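The chain contents come next:
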Amino acid sequence: MLFVSAMAAILVTMVLALTRAVLGPTVYDRILAVNMAGTKTVLLIAVLGFLTGRPDFLDLALIYVFLNFIVIIAVLKFVQYGNLAASGDEEGEVRT
């Protein structure tokens, strides 16, 4: 019963994160909300694997974690530079 309520709480936070992704005032708020929804998806897969007695779901969750990380980094690079081929050494770039 405890894990079922944990799944319900994860689903509620996923809905809230996706709401922020739709309503977010800036693109960075939306990216952060999508990243949080991806993290909650990993938690949901792990809890579902525990409830069904299939520990191989953890392998799927790990793959999804790495995929989520790479996609978020690529999207952030695209938002900042305008393309994925930018090396960050272009003329006129503002460095902080």
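Note that residues are indexed from 1 along each chain, following the sequence as it is written. Only residues with pLDDT of at least 70 get local features here, since the model is predicted, and only at 80 or more are side-chain atom pairs given and counted; chain-wide, interface and lining totals rely on the full set of residues. Side-chain numbers here rest on the full set of heavy atoms in the structure, without hydrogens or water.

Participant: Is there a simple way to explain the packing of aromatic side chains in this structure?
Facilitator: Each aromatic ring pair is specified by the distance between its two centres and by the angle formed by the two planes. Two aromatic rings from Phe, Tyr or Trp, using only the six-membered ring of Trp, form a pair when their centres are within 6.5 Å; if the ring planes differ by under 30 degrees the pair is stacked, by over 60 it is edge-to-face, and anything between is tilted. Enumeration over the complete set of coordinates arrives at 1 aromatic pair. Between Phe3 and Phe50, the aromatic rings sit 4.4 Å apart at their centres with planes inclined by 45°, giving tilted as the arrangement. Placement of the pair is Phe3 in helix α1 (residues 2–23) and Phe50 in helix α2 (residues 27–52), with a sequence separation of 47 residues. Every helix listed is a DSSP run of H or I at least four residues long, and every strand listed is a run of E at least two residues long, numbered separately from the N terminus.

Participant: Mind showing me how you'd approach helix α3 (residues 57–81) here?
Facilitator: Every α-helix winds through 3.6 residues per turn, so residues three or four apart in the chain are directed the same way. In this scheme, a helix's expected span is set at 1.5 Å multiplied by one less than its residue total. Between its first and last C-alpha atoms α3 spans 36 Å; for 25 residues at 1.5 Å apiece the expected length is 36 Å, and the two agree. In this scheme, a residue with accessible area under 20% of its type's maximum is buried, one over 50% is exposed, and one in between is partly exposed, where area comes from a 1.4 Å probe on protein chains only. Among the residues making up α3, those that are buried are Phe57, Ala61, Asn68 and Ile72. We call two residues in contact whenever any of their non-hydrogen atoms come within 4.5 Å of each other. The secondary structure elements touched by the buried residues of α3 are α2. Positioned one or two residues after α3, Gly82 has a phi angle of 90°, which is positive.

Participant: Would you mind showing me how to read a nonpolar patch on the surface here?
Facilitator: For patch building, the residue pool is restricted to those with more than 30% relative accessible area and no salt bridge; the joining distance is 9 Å between like charges and 5 Å between nonpolar side chains (Val, Leu, Ile, Met, Phe, Trp, Tyr). Per-residue accessibility takes into account occlusion by the displayed protein chains alone, with areas from the Shrake-Rupley method and a 1.4 Å probe. Between Lys or Arg on one side and Asp or Glu on the other, a salt bridge is scored when a side-chain nitrogen of the former is within 4 Å of a carboxyl oxygen of the latter. A surface patch of nonpolar side chains, amounting to about 760 Å² of accessible area, comprises Val27, Tyr28, Tyr64, Leu67, Val71, Val75, Phe78, Val79 and Leu84. Every element with two or more residues in the nonpolar patch is listed here: α2 and α3. It is α3 that contributes the most residues to the nonpolar patch, 6 residues altogether. Mapped onto the secondary structure, Leu84 falls in the segment after α3.

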